[in-house]
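# Observations on the model geometry
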Amino acid sequence: MSEFIAEFIGTMLLILLGNGVVANVVLNNTKGNNSGWIVITMGWGLAVFTAVAVAGPISGAHINPAVTVGLALAGMFAWSKVGLFIVAQMAGAAFGAFLVWLMYRDHFNSTEDGGAKLACFSTGPAIRNFGSNVISEVIGTFVLMFVIFYLAGPSFEAAGVEGAKVGLGTLGALPVALLVVAIGLSLGGTTGYAINPARDLGPRIMHAILPMNNKGGSDWGYSLVPVIAPIVGAAVAAFLFMSL
């Protein structure tokens, strides 16, 4: 398996299981309907565990453009690979969203609430205030990236060393999964804790494309927040990590 394929498959699994648990909770007539935020946050944590377990040994399981950029800024990942990884992550996220739609297609069509359908693809704020929403995503991603640096340890070989795998896969899947659960439980209530540009943008594009009854809009007016703010949060974490 190549690093590109590993990032594609890892991100696909992340979105299939992560957005899948949202669909199970919010769509009509599912077995998990209305089971609540705890189920969603646990489902996302286990989605991270699954994705990292598969992709980690091959690519480091970044499965998140913010993580890729954060590692590159800290000198722990080659800039020459950043574009390739982000393309794989975006494509994997889009395909994972397609699989969620395929799995829950009947339930999408039986749900009248367009906002609930969009929530199965991408995030949105509980209170729409772009300044506050950006701060929420910056803080959430900062916590993700900053803790990753210390879970992984401060000693890394130089970027570009053959065979070096620097990323989430070096941590083991469980610590990162628990970290994402903690972020979701404590910091996810304001914006739905995208903390990952691919997790939001790829599925949002699929929401705009895929057919559904009473679909509603894809909320493109908000779409830059979960793309730009996580990159900022990861950058702040990288610079702070390097300065300490």
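Residues numbered from 1 in each chain as written. Predicted model: local features only at pLDDT ≥ 70, side-chain atom pairs only at ≥ 80, totals over all residues. Heavy atoms only, no water.

- In the nomenclature of an unreviewed UniProt entry, the protein corresponds to Glycerol uptake facilitator protein from the organism Marinifilum flexuosum.
- As stated in UniProt under Sequence similarities (unreviewed entry), the record for the protein gives "Belongs to the MIP/aquaporin (TC 1.A.8) family." (UniProt positions renumbered as here; feature names shortened; annotations may be inferred.)

### What to know about the overall build of the protein
- Secondary structure summary: the protein contains 10 helices and 0 strands in total.
- The C-alpha atoms of the protein give a radius of gyration of 17 Å, which matches the 18 Å a tight globule of 244 residues would have.
- Across its three principal directions, the C-alpha atoms of the protein cover 55 × 40 × 30 Å.
- For the protein, buried positions account for 52% of its 244 residues.
- The long-range fraction of contacts in the protein, counting pairs at least 24 apart against all pairs at least 6 apart in sequence, stands at 79%.
- Carbon and sulfur atoms make up 67% of the accessible area of the protein, which amounts to about 10,100 Å² in all.
- Computed over 9 positive and 10 negative side-chain charges, the separation of the two mean positions in the protein equals 7 Å. (Helix = DSSP H or I, 4+ residues; strand = E, 2+ residues; numbered from the N terminus. Rg over C-alpha atoms; globule rule 2.2 N^0.38 Å. Buried < 20%, exposed > 50% of the residue type's maximum accessible area, 1.4 Å probe, protein only. Contact = heavy atoms within 4.5 Å. Areas by Shrake-Rupley, 256 points an atom, 1.4 Å probe, with all protein chains shown as cover. Lys, Arg positive; Asp, Glu negative; His and termini not counted. Charge placed at Lys NZ, Arg CZ, Asp CG, Glu CD.)

### Thoughts on the nonpolar core
- Core analysis: the largest hydrophobic core is formed by 56 residues, its most contacted members being Leu-14, Trp-44, Phe-108, Phe-121, Leu-144, Met-145 and Phe-149.
- Put simply, the parts of the chain that give this core at least two residues each are α1 (3-26), α2 (37-59), α3 (65-73), α4 (82-103), α7 (130-152), α8 (173-187), α9 (197-209) and α10 (225-243).
- Filtering out sequence-adjacent residues up to four positions away, Leu-14 remains in contact with Asn-19, Trp-44, Ala-47, Val-48, Ala-51, Ile-63 and Asn-196. (Core = buried A, V, L, I, M, F, W, Y, C linked by side-chain atoms within 4.5 Å.)

### Concerning unusual backbone geometry
- In this structure, Ile-195 is a non-glycine residue whose phi angle is positive, near 45 degrees.
- Here Ile-195 shows up in the loop between α8 and α9.
- For Asp-219, which is not a glycine, the phi torsion comes out positive at approximately 55 degrees.

### Some remarks on the UniProt feature "transmembrane region" (unreviewed entry) in the protein
- The UniProt record marks residues 6-27, 36-55, 84-104, 134-152, 173-195 and 220-242 with the feature "transmembrane region" (unreviewed entry), using the residue numbering of this structure.
- A distance of 31 Å separates the end C-alpha atoms of residues 84-104, which is 95% helix and 0% strand.
- A helix fraction of 65% and a strand fraction of 0% characterise residues 173-195, whose end C-alpha atoms lie 18 Å from each other.

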